[in-house]
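Residues per chain, in single letters:
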Number of protein chains: 2
Amino acid sequence: MVTTEKITCLLNWKATPYHLPLFLAQQLGYFADEGIKVAILEPSDPSDVTEIIGSGKVDLGLKAMIHTMAGKARGYDIKSIGTLLDEPFTGVIHLSHKSGITNDFQSLRGKRIGYVGEFGKIQLDELTRHFGMTPQDYQAIRVGMNVTDAIIRGDIDAGIGIENVQQVELEEWSVQQGRSRDDVQMLRIDELAELGCCCFCSILYIGNEEFIKNNPEKVRKYLRAIKRATDYMIENPADAYSKYVKIKPHLDTDLHRKIFQRSFRYFSRDLKNVQRDWNKVTAYCKRLNIVDAEFEQNQTNEFLTWPLLPESQPGVEPTTVETGVVEGGCTRCLHSSIAPPKIFA
Amino acid sequence: MVTTEKITCLLNWKATPYHLPLFLAQQLGYFADEGIKVAILEPSDPSDVTEIIGSGKVDLGLKAMIHTMAGKARGYDIKSIGTLLDEPFTGVIHLSHKSGITNDFQSLRGKRIGYVGEFGKIQLDELTRHFGMTPQDYQAIRVGMNVTDAIIRGDIDAGIGIENVQQVELEEWSVQQGRSRDDVQMLRIDELAELGCCCFCSILYIGNEEFIKNNPEKVRKYLRAIKRATDYMIENPADAYSKYVKIKPHLDTDLHRKIFQRSFRYFSRDLKNVQRDWNKVTAYCKRLNIVDAEFEQNQTNEFLTWPLLPESQPGVEPTTVETGVVEGGCTRCLHSSIAPPKIFA
């Protein structure tokens, strides 16, 4: 059989504004400059991703931290080689004027709650236990990538989503309906679960372990091209976004620009796996019985060939350095300290 | 490494209304009923598809007939196992009020013409030769999946597209602009190339040959599930479309419904590879120097486990039988004889 030099890369989700660095690396020829070819693929079901990469059918891809660990614990040989988004806030999102849900977790009793794939359900079940409820106390509905539409249609009362995507979609829809953005509320899972950060949902660059082992130079080149595209985007957000919509015209809307703006502060500037976050999520996964006590973290920063920013220090107040990068504090502090880019005319 | 039972299936294009049968087979549990699991993936560059399937990185997928032959001729071990769309009209699409293009091929001189991937360019170059022009007489611009937007933006004067997608997109945009649908014109490649049919662009179910050889039962089950979904769609087009948009909300627009309507007559009812079309396209590919004189057609109907409709007979007038299926004539006659389904409320 004829082989191909093309590296396959499977996104965690349909193409979304926060995937910009990957597509930009392709579009600006950065992969080509490194001498590699990359075929970016999009899933129709996000739950396929770890299985398909882990079984070696696809080489590289993206996935949230908790799924990256869960997939490994199930025997899929995947490893994180970097970070795309640091700790986007994740939680149970709802329209407060009609959901009947409050800041009290107990208000979820009897509600229909949408989740993407099976680990959303595991997290919900653990949270309900944590708050003295059982899975029988609410109705879990698997909705795949369609959380927002299912809430709008009224198929579910609330759904698990992230602050920089589903929350923005619902906020903009609410405004169209003549309501306030504040009608959209999120019960943050990190707060409910007392994790201290939303690191379980950091979106990682992952790969098949055998592919990584056999192709270390390709992996370095791949990440170098993405780092270069990330730097370009951080420096020129408006220009980068207008380039992106040339290849993804369906993202050329105010809504998607707002999603990009909201995602901006979450982009990892140096792409590193954050040890503090891995430790927290490892502990959380043990609590959820997703991984066992001996779990070895499936992550490495060895393919990042540039100076990494200092790891955040617990107890140290965040300082916004000149580049807009936060040092000290924790990575989630990026959220409150980086201003969104001006990408509207 | 842990293996997966999931069959990977890579679309020829981002998810589009005419992909309905595949997604419906997933959504209605028809794949599950057959005891198989299918992960549907979408490309970001259609030119990746034959290479990735041919090299065995992905198991199954979709591709136009001409690319299926071209990929095989390049050494990618792909084979057609059925047909999704019979002969959608394909050609050079433009807005006549400003393109300066007429029904005369010579009017393409000096124009900027967009094409998807490299074979579009090969076809254009052959056509220009055929009409006494050279590739220097026009400017070819590779636009990937964004033909329509590139025309609207004015980046190109015309672009290669199909009647049931790009032509519909442009027609609806023209109406929005206060112009007539008739402003959108197509120079049909089959007519220009004197092929007698647009069969080169029939969209086929394809697969990696080694995967097919090693998994004949899976392939039969896969196609049986898709046939069942196709039957459902033919019988219940409105209901099928409303199911589809639940998993692909971005297709829940009037425009996409019109694309589905326009695609309806092209859907193969029995999914067979049409021998007449394969013979024509083989001859065309030889003319284009895409395949050599000894090329063996990489197609089979052996995995279609239901009665196939009679092959169309040259010179026999088409007859619309009770089921809405045309017998006799050629498959392209489907275009003129099947009424579009009523899927608008």
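Residues numbered from 1 in each chain as written. Chains lettered and ligands numbered in written order. Predicted model: local features only at pLDDT ≥ 70, side-chain atom pairs only at ≥ 80, totals over all residues. Heavy atoms only, no water.

Caption draft 1: Up close: helix 8 (residues 166-176) of chain A. All names here are of chain A. Here helix 8 lies mainly inside the structure; eight of its eleven residues are buried. When helix 8 is considered as a whole, its buried residues turn out to be Gln-166, Gln-167, Val-168, Leu-170, Glu-171, Glu-172, Trp-173 and Ser-174. Here the buried face of helix 8 lies against strand 5 (90-95), helix 7 (147-153), strand 8 (158-162), strand 9 (184-188) and helix 13 (254-264). Positive backbone phi, approximately 85°, marks Gly-178, located one or two places after helix 8. (Buried < 20%, exposed > 50% of the residue type's maximum accessible area, 1.4 Å probe, protein only. Helix = DSSP H or I, 4+ residues; strand = E, 2+ residues; numbered from the N terminus. Contact = heavy atoms within 4.5 Å.)

Caption draft 2: Geometry of the nonpolar core. Membership of the largest hydrophobic core comes to 223 residues, with the highest contact counts inside it found for Leu22(A), Tyr205(A), Tyr222(A), Leu22(B), Tyr205(B) and Tyr222(B). Aside from chain neighbours lying at most four places away, what touches Leu22(B) is Cys9(B), Leu11(B), Phe31(B), Ile40(B), Leu62(B), Tyr205(B), Tyr222(B) and Ile226(B). (Core = buried A, V, L, I, M, F, W, Y, C linked by side-chain atoms within 4.5 Å.)

Caption draft 3: The arrangement of the interface of chain A and chain B in detail. Listed by partner, the interface residues are 38 residues for chain A and 38 residues for chain B. Where chain A touches chain B, the interface holds eight salt bridges. The salt bridge partner of Asp59(A) is Lys57(B), with a shortest N-O separation of 2.4 Å. On the surface where chain A and chain B come into contact, there are 17 residue pairs in polar contact (both at pLDDT 80 or more). (Salt bridge = Lys/Arg side-chain N within 4 Å of Asp/Glu carboxyl O. Polar contact = N/O pair within 3.5 Å; in protein donor to acceptor, adjacent residues only side chain to side chain.)

Caption draft 4: Just the packing of aromatic side chains, in detail. Residues and elements named next belong to chain A. If you walk through the whole model with that rule in mind, you get 20 aromatic pairs over all chains. Between the aromatic rings of Tyr-241 and Phe-260, the centroid separation amounts to 5.0 Å while the plane-to-plane angle is 35°, which identifies the pairing as tilted. A residue pair is termed long-range when its members are at least 10 positions apart, and Tyr-241 in helix 12 (residues 237-247) and Phe-260 in helix 13 qualify at 19 residues. Here Phe-260 falls in the buried class, since its relative accessible area comes to 0%. (Phe/Tyr/Trp six-rings, centres within 6.5 Å; stacked < 30°, edge-to-face > 60°.)

Caption draft 5: Main features of the relation of the copies chain A and chain B. The transformation that overlays chain A on chain B combines an axial shift of 0.0 Å with a rotation of 180°, and the residual RMSD is 0.0 Å. These values place the two chain copies in the arrangement generated by a two-fold rotation axis. Every residue of chain A has its C-alpha some distance from the rotation axis, and the shortest such distance is that of Glu42(A), at 2.4 Å. When the interface residues of chain A are mapped onto chain B, 100% of them again fall at the interface, so both copies present the same face. (Least-squares fit on C-alpha atoms with pLDDT ≥ 70 in both.)

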